[in-house]
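# Observations on the three-dimensional arrangement
Listed below, chain by chain, are the residues.
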Amino acid sequence: MKKTSTEQKLRTSTRGGKNREFVIITYLFVGAFILMMGYFTYFQMFRSEDFINSPYNTRQNTFAEHVIRGEIRSADEKVLAQTIVGEDGSETRYYPYGSMFAHAVGFDSNGKSGIESFGNFSLLRSHAFFLEQVLNGIRNQKNPGDNVVTTLNYSIQEIAYQALGENRGAIVVLEPSTGKILAMVSKPDFDPNSIGAEWDSIISNTDSENSILVNRVTQGLYPPGSTFKILTTLEYIREHPNYQEYSYECTGSISMENTEIHCYNNAVHGSEDLAHSFAKSCNTSYANIGLELDKGKFASLCNGLLFHKDLPVSYPFKQSSFVLDQKSNTDQVTQMAIGQGETLVTPMHMAMITAAIANQGTLMKPYVVDHTENYQGVTVKEYKPSTYGSLISAEEAGKLQELMSLVVSEGTGSKLSGQSYQAAGKTGSAEFSSNKSESHAWFTGYASTEEKGTIAVTVIVENGGAGSTTAVPIAKQVFDTYFSL
Amino acid sequence: MVHLITELSKYTMIILFALYTYQCFAALKRSIDKEEQAEKYKSQVVYMYLFHMNAYGVLVLSVRDIKLIKFYLMQVVFFAAVQLCYSIFYKRVSRLVVNNMCMLMCIGFVMLTRLSYEHAMKQFQIAVISMALTLLIPFLISRWKFVRGLTWLYALAGITMLGVVAVLGAVSHGAKLSFSVAGITVQPSEFIKIIFVFFVASMFYESTEFMQVVKTTIIAGLHVVILVISKDLGAGLIFFIAYMVMLYVATRKLYYFAGGLVCGALASVVAYHLFHHVRVRVVAWQDPLAVFENAGNQISNSLFAIGTGGWFGMGLNQGMPYKIPEVKQDFIFSAVSEELGGIFAICLILVCVSCFLMFLNIAMQMKDFFYKLVALGLGTIYGFQILLSIGGDIKFIPSTGVTLPLVSYGGSSLLSTLIIFSIIQGLYLMRERTQEEASGLGKNGKKRKIAKEETSNGKRIRQKSFEKDPDNFRNEEREKGAKQKGGSLSNEENIHGTKVEDFD
């Protein structure tokens, strides 16, 4: 017996040995197949959303046939857009706050814009419980689409919307530490509820200045005026480690080859250092600074701060631009130094630079979709803050923060001083035509308290006059509202 | 109503195919007896017909074209004829392989009909002709013993045909893959891969000594190089892997296998830097959306389809699989996944895996080393092609433009896969016959057992010698096998015997 059992063993081992390589190959292949099926499962569960939501994916219309478009909500649970299904099954997209969120949320007839456009697929997807979906499919009923919950804060949007009033212009509010877009207002605007009916008259109005469909936050290109001095100052600090020793005697004007640069309202600032040139926004001093700068380095600084670059935002945008090279003459250089001439920026871009300064130099990618959830509120996908990169060093950010604080405490932004929050920023009054008395009013800055953190606000009021008198009070209303929430 | 049926059918088709797939693996259990197995295979056939009917029902309802009903009935007749032929003429073949072959073709017909009736019709005609031709193969393969002796003829045929294609072939999609004769476009690499397996098997059957390995490697390398020059990277890769696997199993030397794979990896790096079209594929694989406008278009569209389809699919005729370039050939899996669902797609992979397992199973069960290698080589080719095709579609690996056997559109691919399946069936036929004959011997078998017991001591010694020199051992084993079976068996053993004598 013993003998047979050992013999048996030997036989099996020889047989096993004979096919050992076959077994190994079989396992190798089966392992590869399992890996592949694992990847397929992983893709379906975690990666497919990125592809489904891609604007290149043209399968959207097939979804609308079987899904009721989901809601768009503010971070504080206000419904910003919803689809109302009539008794006859007809669907109407309804925007409870009308034009208040026109540009941020967008519209969904005669094409799409805003969140309605780039959130389209999330809205047309249904992550309702699958048995319910099966049931709906059988009963030939549409599934309820997912809701898109935004980072937009209703209260801030409301105050910004009201503060801008009848003016044309734009306001954007960011949270520098995350990149969340808290508010986005662009005027003139439209009522997305009635845009279908008014479509023909809207598009027949070809005057681009007036076009209500343009989201001025990301698509409006404006001369930055004195807000650009943030960049000029940064370049001066980089080139002159002893920048604190800078001093200039302002006489109200400085003559160039062909032009003369005046301080705003023909003010005469007298003797001043860099900090006070910045705080008082002294044009003649900055023209003088501009002449001392290395043109090549200045240009590369601007490029590093997203000029001539695609902005990392979901909204359609325009690239900011400037013209400066070694051939630029002194007129062009001094004009650039004070944010005039051929320099153009979008308010969103200015807000991103400001947010980066407030966030120790690191720019967080602005985003407006916080998460998507199914109609019962179960989170489907969360969008986490992501870093764009370090625009400037933390040390430089600290220096600029100091200078921008001085603007509030001693300079053109003094309306923001003495509040419950610590504000900092830069005003601007950008001339946009040959008529020197007309200017766009700018303010870009941030404010913070211990408990509520920091928010950055950028305001532009078209033809609003001086930044300090028109734009700063608007920013103040936003800050007041946010920090009293 | 149509929508309701389409929606319901999504789930019924998934359930039917899942049941089918389950039976593939349930039937593989060792504890199962023949009758139970036969029952399972019968139920598989039922599931297939139900799925087929369900799918064409949806297609007819949504397209509302009578010609589809006719086409459907033609297919039913075709499948019934295939099943019938096999059960009449080849009782002993693997029913599972027959069923899988029909099921995969069935899915292919459904998807192709949905994509383009004309192409589906053409595919069907090719399938009928190919099936008629390949039905003879199981019989022939078990009779034609000379196939192991055509060693250099295989090499000559393979290299000549590949070379001709490389030089003259039409340029299609940046790769010289095919030529046209009398209006029929043939893609020779599909057939040469079979010849290639026979070449390698017969070389290693002769001997696995170093010089023989060198000779075989040179010829195999020549195949791969010509394919790479013709830019047919997918086929080149398949040839390479098939050769490495056969080399490893034949020589039992792991370092050949490992070394070969390292060389392959190095060659891939060189190819990446050398060839633009390789780089393009890798770039498209890394981030398809970033290069959507050009190189990433195909894979992006494939992923849109798979992702949008989700686990349950859009339903037949409800998606947009036609948005994927080359969907009928290389990206049929994505179309299946989009419309029939991710679960269905996983089942499809599992059915392919079950085919692969049946290939390797027969490789392990064959006694004859030549046929062991043939089954292994064909199994590797089949399995690796599945990996390349589906892996490329789902962005698991860079896309190499390889068809999914039996499902994709393409005459050469279909015919060559049917040939492979038929050869495997021929091997099952041979195995069953030798088993039958062995058990029919009865007394002889007993004697053999006693003889074995007597030599158990000697076996231990042999075991040692095997560890030292596996090649010699195998020759001895062969000799022993030949002698043991004696003259009671047909010429098969005679040939085998003479072969062994040749070595002496």
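So, here is what we can say about the structure in this document.

### Concerning the sheet that holds strand E4 (residues 91-94) of chain A
Residues and elements named next belong to chain A.
- Spatially, E4-E3-E2-E6-E14-E15 is the arrangement adopted by the 6 strands of the open sheet, whose pairing is mixed. What marks the edges here is a single partner per strand, and that holds for E4 and strand E15 (379-382).
- Relative to strand E3 (residues 79-85), strand E2 (residues 72-73) runs antiparallel, the two being bridged by 2 bridges. What sits directly across from arginine 73, in E3, is valine 79.

### Notes on unusual backbone geometry
- In this chain, Lys187(A) is followed by Pro188(A) through a cis amide linkage whose omega measures 5°.
- Turning to its location among the elements, Pro188(A) is positioned in the loop between strand E8 (180-187) and helix H9 (195-204).
- Of note, the phi angle at Lys395(B) is positive, near 65°, even though the residue is not glycine.
- Mapped onto the fold, Lys395(B) is located in the loop between helix H16 (369-393) and helix H17 (411-441).

### Some points on the interface of chain B and chain A
- With 44 residues of chain B at the contact, the number on the chain A side is 31 residues.
- Looking at the side of chain B that touches chain A, the elements that each hand over two or more residues are helix H1 (2-26), helix H10 (233-251), helix H13 (297-309), helix H15 (342-365), H16 and helix H19 (456-468) of chain B.
- Top element by residues in the side of chain B that touches chain A is H15(B). It accounts for 9 residues.
- Its residues assigned to classes, the side of chain B that touches chain A comprises 26 nonpolar, 12 polar and 6 charged.

### Quick word on the pairing of strand E7 (residues 169-175) of chain A
All names here are of chain A.
- Of all 7 residues making up E7, 7 are buried, and the element is well covered by its neighbours.
- Burial along E7 is two-sided: the residues Gly169, Ile171, Val173 and Glu175 and Ala170, Val172 and Leu174 are all buried.
- As defined by bridge partners, E7 adjoins E8 across 7 bridges and the pair is classed as antiparallel. Counted as the bridge partner of valine 173 is alanine 183 from E8.
- As consecutive antiparallel partners, E7 and E8 are separated by 4 residues, and within that stretch glycine 179 has a phi angle of approximately 90°, a positive value.
- With 6 bridges joining them, E7 and strand E19 (residues 453-461) adopt antiparallel strand pairing. When the sheet's bridge partners are listed, valine 172 is paired in E19 with threonine 458.

Criteria and cut-off values
Residues numbered from 1 in each chain as written. Chains lettered and ligands numbered in written order. Predicted model: local features only at pLDDT ≥ 70, side-chain atom pairs only at ≥ 80, totals over all residues. Pairing = 2+ DSSP bridges. Helix = DSSP H or I, 4+ residues; strand = E, 2+ residues; numbered from the N terminus. Contact = placed C-beta atoms within 7 Å. Nonpolar A, V, L, I, M, F, W, Y, C, P; charged D, E, K, R; others polar. Buried ≥ 20, exposed ≤ 12 C-beta atoms within 10 Å, placed from the backbone.

Bear in mind that shape data such as this cannot, by itself, settle questions of function.
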